[in-house]
Structure formats: structure tokens, C-alpha cells
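The chain contents come next:
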Amino acid sequence: MTWHKTISAKALRAAGASSVRVGDDVVYIAAVGEKLYAINGVCSHAKCILGVLEVDKLRAKCQCHHAEFNLTDGKMVVPPYVSPDILMDKLSLKVYPVREENGFIEVDA
Ligand code: FES
């Protein structure tokens, strides 16, 4: 794995979250307080790009069908409203190591 420089820490903290391209992946990065989170940014339901940051729940919400993913472990914790009986255990998103380095957010991918 390799650390990849993404957006500035200042820009991320102003936005709260952002989906960025890291190699062949799209990664959803979020800053909540002093902590950083990074999960795959492509929704495992129907491939929409994440999403709305739910700060109080530490979740990313997909805007297409409102599935929600835990930022700490990538697990789907709320199913898409169009598929309420979907097997959420099989739809977790990859979690990436993330850090701030010299004013930029870096993701290990
Ligand atoms: S594509 Fe994300 S919930 Fe459907």
C-alpha cells in the first residue's frame, strides 16, 4: 500500500467530507472533530458516489437510496429504502488508513 496525497486538510475541514480519487478507487474522507475517516466512496448498493456526512452518527449517507455506512468500519447500518431486506452484512465498504501530513490529507490505498 502507498500513501496518496489528496485534498488540503483545510478544505476537508471546511467541507466536512469529500469523495476523492485515489488511484483506481474513489474514497470518501471525512473530518469529525480531530478525527479523520476514509471508506470506499462508491455505494455498495447501486454504485452512487457517497454522500452526506451524518456527523452525530459518524455515518455517510448515500443520496441515491439513503443507505448509511459507519465511518469507523465501513458497515452498512441502514439499508437502501428501495431494498429494506437487503443483506447488509455483504455490503460493507472498505476502510482505508488516513492521516494528515504537511497540511494535506493522505490515504493509504
Ligand atoms: S446506490 Fe446507494 S443506496 Fe442505492
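Reference entry: report on the structure contained in this document. (Residues numbered from 1 in each chain as written. Predicted model: local features only at pLDDT ≥ 70, side-chain atom pairs only at ≥ 80, totals over all residues.)

**Considering the sheet that holds strand S7 (residues 68-70)**
Phase 1: Read across the open sheet, the four strands follow the order S5-S6-S7-S8; overall the sheet is antiparallel. If you trace the sheet from one side to the other, it starts and ends with strand S5 (52-54) and strand S8 (76-78), each paired once. Each strand axis lies, on average, 35 degrees off the axis of its neighbour in the sheet, ignoring direction.
Phase 2: Alignment of S7 against S8, held across two bridges, turns out to be antiparallel. Counted as the bridge partner of Glu-68 is Val-78 from S8. (Pairing = 2+ DSSP bridges. Helix = DSSP H or I, 4+ residues; strand = E, 2+ residues; numbered from the N terminus. Axes fitted to C-alpha atoms, helices over the stretch in contact; angles between N-to-C directions.)

**What to know about unusual backbone geometry**
Phase 1: Residue Gly-51 is bonded to the preceding Leu-50 through a cis peptide linkage, with omega at -15 degrees.
Phase 2: Here Gly-51 is to be found in the loop between strand S4 (35-40) and S5.
Phase 3: Positive phi, close to 70 degrees, is recorded for Lys-47, a residue that is not glycine.
Phase 4: Tracing the chain through its elements places Lys-47 in the loop between S4 and S5.
Phase 5: A residue is classified by how many C-beta atoms lie within 10 Å of it, and Lys-47, with 10 of them, is exposed.
Phase 6: Within the chain, His-66 stands out as a residue other than glycine whose phi angle is a positive 65 degrees. (Buried ≥ 20, exposed ≤ 12 C-beta atoms within 10 Å, placed from the backbone.)

**Concerning the nonpolar core**
Phase 1: Counting residues in each nonpolar core, the largest one holds 26 residues, and the members touching the most others are Ile-29, Ala-30, Ala-38 and Ala-60.
Phase 2: The set of elements that each furnish at least two residues to this core consists of strand S2 (17-22), strand S3 (25-32), S4 and strand S10 (104-108).
Phase 3: Ignoring sequence-local partners within four residues, the contact set of Ala-60 consists of Ala-17, Tyr-28, Ala-30, Ile-39, Leu-50, Gly-51, Leu-53, Phe-69 and Leu-71. (Core = buried A, V, L, I, M, F, W, Y, C linked by C-beta atoms within 7 Å. Contact = placed C-beta atoms within 7 Å.)

**Describing the environment of Gly-103**
Phase 1: Within the secondary structure, Gly-103 is located in the loop between strand S9 (98-101) and S10.
Phase 2: C-beta crowding within 10 Å serves as the criterion here: with 9 such atoms nearby, Gly-103 is assigned to the exposed category.
Phase 3: With 92 residues separating them along the chain, Gly-103 and Ala-11 place their C-alpha atoms 9.8 Å apart.
Phase 4: With residues near it in sequence (within four places) discarded, Gly-103 still touches Ser-8 and Ala-9.

**As for the pairing of S10**
Phase 1: Relative to S10, strand S1 (residues 3-8) runs antiparallel, the two being bridged by four bridges. Looking at S10, one finds that Ser-8 is bridged to Phe-104.
Phase 2: Here S9 runs beside S10; their pairing, made up of four bridges, is antiparallel. The residue bridging Glu-100 from the neighbouring strand is Ile-105, located in S10.
Phase 3: The loop that links S9 with its antiparallel partner S10 comprises two residues; one of these, Asn-102, has a positive phi angle of about 50 degrees.

Any functional reading would require information that these geometric values do not contain.
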